Amino acid sequence: TIQPCTSLKTLDLRGNKVTRRPKYRNDVVLHAQDSLKSLDDRTIQPNERAFVKGMKMHQLKQQEKREAARHGMSYSVHHDARGTQGVMMDFDPFSNPQMQDENLGHRFHNGNM
């Protein structure tokens with residue numbers, strides 16, 4: 001991992017096997033500190049860094065939504081007046097019988113425990 005390298009400014013991985021991985025540059029830019037300014041003799045532009053981080057956040061949100069739906073939860077994102085984002089998740093144990101067994105330890109029958 002390169003995340004702890006807070007003083008790293010330039011990194012050249014050309015010729016390294018890691019460069020064969022799909023989107024390796026995005027992974028390096030995402031996990032590197034903001035001090036990393038150049039990768040493989042190409043400048044990391046602020047808009048590139050912002051795009052990669054935004055793309056990862058979008059992927060994580062989509063994954064959270066899928067997981068919430070899989071477990072019978074509703075998921076919504078809210079923004080307040082300051083633009084602060086919050087996530088609301090509501091759990092309905094009756095919507096997912098599997099969750100009733102696994103997480104609650106008992107079944108609900110006609111509203112009775």
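Here is what the cut-offs are and how they apply
- Residues numbered from 1 in each chain as written.
- Predicted model: local features only at pLDDT ≥ 70, side-chain atom pairs only at ≥ 80, totals over all residues.
- Heavy atoms only, no water.
- Helix = DSSP H or I, 4+ residues; strand = E, 2+ residues; numbered from the N terminus.
- Buried < 20%, exposed > 50% of the residue type's maximum accessible area, 1.4 Å probe, protein only.
- Contact = heavy atoms within 4.5 Å.
- Areas by Shrake-Rupley, 256 points an atom, 1.4 Å probe, with all protein chains shown as cover.
- Expected span 1.5 Å × (residues − 1).
- Core = buried A, V, L, I, M, F, W, Y, C linked by side-chain atoms within 4.5 Å.
- Pairing = 2+ DSSP bridges.
- Axes fitted to C-alpha atoms, helices over the stretch in contact; angles between N-to-C directions.
- Parallel < 35°, antiparallel > 145°, perpendicular 65-115°, else oblique.
- Nonpolar A, V, L, I, M, F, W, Y, C, P; charged D, E, K, R; others polar.
- Salt bridge = Lys/Arg side-chain N within 4 Å of Asp/Glu carboxyl O.

*Asks:* Would you mind going over the overall build of the chain in detail, with residue names and values included?
*Replies:* When helices and strands are tallied, the chain shows three helices and five strands. When the helices and strands of the chain are listed from N to C terminus, the series reads β-α-β-β-α-β-β-α. Looking at the chain as a whole, 22% of its 113 residues qualify as buried. Taking all contacts inside the chain whose residues are at least 6 apart in sequence as the whole, residues at least 24 apart take part in 34%. Of the roughly 8400 Å² of accessible surface on the chain, 52% is carried by carbon and sulfur atoms.

*Asks:* Outline helix α2 (residues 46-70), supporting the account with residue identities and numerical values.
*Replies:* Compared with an ideal rise of 1.5 Å per residue, which puts 25 residues at 36 Å, α2 spans 36 Å between its outermost C-alpha atoms and is within 8% of the ideal. Taken as a whole, α2 has its buried residues at Glu-48, Arg-49, Val-52 and Ala-68.

*Asks:* Describe the nonpolar core, with residues and values.
*Replies:* If you look at the biggest cluster of nonpolar residues, it comprises 11 residues: Leu-11, Leu-13, Tyr-24, Val-28, Val-29, Leu-30, Ala-32, Leu-36, Leu-39, Ile-44 and Val-52. With four residues, the top contributor of residues to this core is helix α1 (residues 24-31).

*Asks:* I'd love a proper account of the sheet that holds strand β2 (residues 38-39), names of residues and values included.
*Replies:* Reading across the sheet, the three strands line up as β1-β2-β3 and stay open at both edges, with mixed pairing between neighbours. Each end of this open sheet is capped by a strand with a single partner; those strands are β1 (10-11) and β3 (42-43).

*Asks:* Give a description of the packing of α1 against α2 that names residues and reports values.
*Replies:* At a closest axis distance of 9 Å, the pairing of α1 and α2 adopts a crossing angle of 95°. As far as their axial angle goes, α2 and α1 are roughly perpendicular. Across the interface between the two elements, Arg-25, Asn-26, Val-29 and Leu-30 from α1 touch Glu-48, Arg-49, Val-52, Lys-53, Met-55 and Lys-56 from α2. Each residue belonging to the contact of α1 with α2 can be placed in one class, and the counts come to four nonpolar, one polar and five charged.

*Asks:* So what's going on with unusual backbone geometry? Residues and values would help.
*Replies:* Peptide bonds are trans in most cases, and residues, glycine excluded, mostly fall at negative phi. Despite not being glycine, Lys-23 shows a phi value in the positive range, around 55°. Along the chain, Lys-23 turns up in the loop between β1 and α1. Here Lys-23 falls in the exposed class, since its relative accessible area comes to 59%.

*Asks:* Give a description of the side chain of Arg-49 that names residues and reports values.
*Replies:* Along the chain, Arg-49 falls in helix α2. By relative accessible area, which is 9% here, Arg-49 ends up buried.

*Asks:* Mind laying out the pattern of salt bridges, listing which residues take part and the relevant values?
*Replies:* Here the structure, examined in full by the defined rule, presents five salt bridges. Across the pair Asp-12 and Arg-14 runs a salt bridge whose closest N-O atoms are separated by 2.4 Å. Judged by relative accessible area, Arg-14 falls into the exposed class, the value being 52%. Taking the shortest distance from any N to any O, the salt bridge between Asp-34 and Lys-53 comes out at 3.4 Å. Placement of the pair is Asp-34 in the loop between α1 and β2 and Lys-53 in helix α2, with a sequence separation of 19 residues.

*Asks:* Which residues make up α1, and what values go with them?
*Replies:* Residues of α1 that are buried: Tyr-24, Arg-25, Val-28, Val-29 and Leu-30. Where the residues of α1 are buried, they touch β1, β2, β3 and α2.

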